[in-house]
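Listed below, chain by chain, are the residues.
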Amino acid sequence: MLRYTISRRTCGGVNPPNIIFPARQYRVLALESSCDDSCVALLEKTPSFSPTVIDHYRATLSLAQDGGIIPTAAQSFHNYTIGDLVQKMGETYNFNQHPPDLICVTRGPGMVGSLTASIQLAKGLAIAWDRPLVGVHHMLGHLLTPRLTELVKFPFLSLLCSGGHTMLVLSRDMGHHEVVVDTMDIAVGDSLDKCAREMGFYGNMLAKEMEKYVDENLPLEGIPPPIEIPLGLPMRGPRNARFPDTIQFSFASFLLRVQTAVKQHQRPLDEDCRRYMAFHIQNLVFDHVIDRVNVALKKHGTNEAMCDINDGKFTGVRDIVVSGGVAANKTLAAKLRSKLCFEQALGEKPTLHFPPLNLCTDNAIMIGLAGIETFETLRKMSDMTMLSRPKWPMGDLLEGYVNVPDNVYRRVMEGLGTCI
Ligand code: AMP
Ligand code: ZN
């Protein structure tokens, strides 16, 4: 039998002070199970104001034993947990008498079996309660959620650094988001986790463990390197000397370096080796992130003095949001603050935002928020033929929806025809 614990978290949204709300508030149930977390959120929304989070339940698949995500194990986990979480939330918030007014669920991208576990449940609830359903783009959730706690205006940039994604995204408005830099292989968190495993760390979130270890075990100075490991940045060879047409991250090479170094060392790693490798690999990975973002800033910057090399795509950007689990790393945050070439590329320094971690790692709150925007602002919803979309490019964000009929819109926004 699978065992899991439910973690609950309640956090408030941001509403303008001293304003009397109109009477109608509607409730939104959101489900997320695209990767290794089963999450359920209940939100409350008053038209024209930011949503408030009523509650959030999470159950996380333990990856320590398997050493990574096995899709079939993740699917079974979500099938086992997601209904249970919704039932518990329903008992607490009386869904029997007051079913939520809008159902949102992650439609993609993600693993097909994991996504489908929540999609099927969401469809069942939407039919049973006669409520509209919105299939949400997981990345739209990541991009819009920091606006709950931060003052971020369009157009803005998001640097997503997590276990599943590493990308720099330009958000022009609610419906237009362009991935400017993506990873050509694995994500930054995945790479750090796997490197840490090779170095002998054990558990979940190994990159977090490695940060702690590095902070407490700086390498000894003035001694020769105890282990051979190449320390050059990826994509800095002669072939990439000037700006390539497509700028990409690449994190697989760090794992290969660690694996090769461990193999060639031919004896178990001692503490000197581990502290040397952990320190340098963590630094190198983050230096690569900074390096690629700086190339993007130069290529798409707005500084007129550099207009022979920039195309001005980032014109108007005043805010950069850094999110995802890896964004919790203090070394990365310090490097982003001190090493990004903002002035040189954009003419002035934008504000860097690091939203609260519980909002920028995978969660169902972000699915509810993006679902609300999809329904209210973009006026799109899903029908019962909706399928999971494991690969869903950001450029196709508005595909696969139907327009929200007026009567459905009014029923949610004004409560006409509902039991509330
Ligand atoms: P997410 O995919 O956004 O849920 O975040 C999970 C990823 O973030 C995993 O790869 C973690 O190891 C990584 N992570 C969490 N905390 C830290 C930290 N303090 N430093 C580096 N990576 C971290
Ligand atoms: Zn995610």
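Everything in this summary refers to the structure shown in the same document. Since we're looking at a predicted model, the values are computed, not measured.

1. What about the coordination of the zinc ion (ligand 2)?
Here is step 1 of the chain: Coordination of the zinc ion (ligand 2) by the protein is provided by His138 (NE2), His142 (NE2), His165 (NE2) and Asp362 (OD), with metal-donor distances spanning 2.1 to 2.3 Å.
Here is step 2 of the chain: Given 4 donor atoms and angles of 86 to 160° at the metal, the environment of the zinc ion (ligand 2) is assigned as irregular.
Here is step 3 of the chain: Donor residues for the zinc ion (ligand 2) sit on one chain with the sequence pattern H-x3-H-x22-H-x196-D. Of the two residues, His138 and His142 are both situated in helix 3 (residues 138-144); the distance of 4 residues between them amounts to about one turn of the helix. The residues His138 and His142 share a single accessibility class, namely buried.

2. What about the packing of helix 7 (residues 271-300) against helix 8 (residues 330-339)?
Here is step 1 of the chain: One can describe the packing of helix 7 onto helix 8 by two numbers: an axis separation of 10 Å at closest approach and a directional angle of 35°. As helix 7 runs across helix 8, the sense of the crossing is right-handed. Residues Gln282, Asn283, Phe286, Asp287, Ile290 and Asn294 of helix 7 form the contact with helix 8, whose own contacting residues are Thr331, Leu332, Lys335, Leu336 and Lys339.
Here is step 2 of the chain: Along the lines of polarity and charge, the residues of the contact of helix 7 with helix 8 split into 4 nonpolar, 4 polar and 3 charged.

3. Here's the deal with the site of ligand 1
Here is step 1 of the chain: What surrounds ligand 1 is a group of 16 residues, the closest being Gly163, Asp193, Glu211, Gly325 and Asn329.
Here is step 2 of the chain: The separation between an oxygen atom of ligand 1 and a polar side-chain atom of Asp193 is 2.7 Å.
Here is step 3 of the chain: Asn329 is positioned such that a nitrogen or oxygen atom in its side chain is 3.0 Å from a nitrogen atom of ligand 1.
Here is step 4 of the chain: Protein contacts shield 91% of the accessible area of ligand 1, which totals 510 Å² for the unbound molecule.
Here is step 5 of the chain: Broken down by secondary-structure element, the contributors of at least two residues to the shell around ligand 1 are helix 4 (188-198) and helix 5 (206-216).
Here is step 6 of the chain: The element best represented in the shell around ligand 1 is helix 5, accounting for 4 residues.
Here is step 7 of the chain: Residues of the shell around ligand 1, tallied by class, amount to 5 nonpolar, 7 polar and 4 charged.

4. Observations regarding the packing of aromatic side chains
Here is step 1 of the chain: Applying the stated criterion to the full structure yields 7 aromatic pairs.
Here is step 2 of the chain: The interplanar angle of 85° and the centroid separation of 5.2 Å between the aromatic rings of Phe201 and Tyr213 together place this pair among those described as edge-to-face. Taken as a pair, Phe201 in the loop between helix 4 and helix 5 and Tyr213 in helix 5 lie far apart in primary sequence, 12 residues in all.
Here is step 3 of the chain: Of the residues examined, Phe201 reaches a relative accessible area of 12% and is grouped as buried.
Here is step 4 of the chain: Between Phe251 and Phe254, the ring centres sit 6.2 Å apart and the planes meet at 35°, which makes this aromatic pair tilted.
Here is step 5 of the chain: For Phe251, a relative accessible area of 0% translates into the label buried.
Here is step 6 of the chain: Among the aromatic residues, those joined into a ring-pair cluster are Phe249, Phe251 and Phe254.

5. A word on the pairing of strand 9 (residues 176-183)
Here is step 1 of the chain: Two elements, strand 8 (residues 166-173) and strand 9, share 5 bridges in a ladder whose sense is antiparallel. Note that in strand 9 the partner of Asp173 across the bridge is His176.
Here is step 2 of the chain: Looking at chain direction, strand 9 and strand 10 (residues 248-249) are connected through 2 bridges and run parallel. Opposite Thr183, over in strand 10, you have Phe249 as the bridge partner.

6. Considerations on helix 2 (residues 112-129)
Here is step 1 of the chain: Taking 1.5 Å per residue, 18 residues should reach 26 Å; helix 2 reaches 25 Å between its end C-alpha atoms and fits that length.
Here is step 2 of the chain: If you check which residues of helix 2 are buried, you get Gly113, Ser114, Leu115, Ala117, Ser118, Ile119, Ala122, Lys123, Leu125, Ala126 and Trp129.
Here is step 3 of the chain: If you follow the buried residues of helix 2, they end up packed against strand 2 (26-32), helix 1 (71-93), strand 5 (102-108) and strand 6 (133-137).
Here is step 4 of the chain: Once helix 2 finishes, Asp130 follows within two positions and takes phi at roughly 55°, a positive value.

Criteria and cut-off values
- Residues numbered from 1 in each chain as written.
- Chains lettered and ligands numbered in written order.
- Predicted model: local features only at pLDDT ≥ 70, side-chain atom pairs only at ≥ 80, totals over all residues.
- Heavy atoms only, no water.
- Donors = N, O, S within 2.8 Å, 3.2 Å for Na, K, Ca; no water.
- Tetrahedral: all angles 85-135°; square planar, octahedral: opposite > 155°, others 65-115°.
- Helix = DSSP H or I, 4+ residues; strand = E, 2+ residues; numbered from the N terminus.
- Buried < 20%, exposed > 50% of the residue type's maximum accessible area, 1.4 Å probe, protein only.
- Axes fitted to C-alpha atoms, helices over the stretch in contact; angles between N-to-C directions.
- Left-handed = near helix turned anticlockwise from the far one by under 90°.
- Contact = heavy atoms within 4.5 Å.
- Nonpolar A, V, L, I, M, F, W, Y, C, P; charged D, E, K, R; others polar.
- Near = heavy atom within 4 Å.
- Polar contact = N/O pair within 3.5 Å; in protein donor to acceptor, adjacent residues only side chain to side chain.
- Areas by Shrake-Rupley, 256 points an atom, 1.4 Å probe, with all protein chains shown as cover.
- Phe/Tyr/Trp six-rings, centres within 6.5 Å; stacked < 30°, edge-to-face > 60°.
- Pairing = 2+ DSSP bridges.
- Expected span 1.5 Å × (residues − 1).

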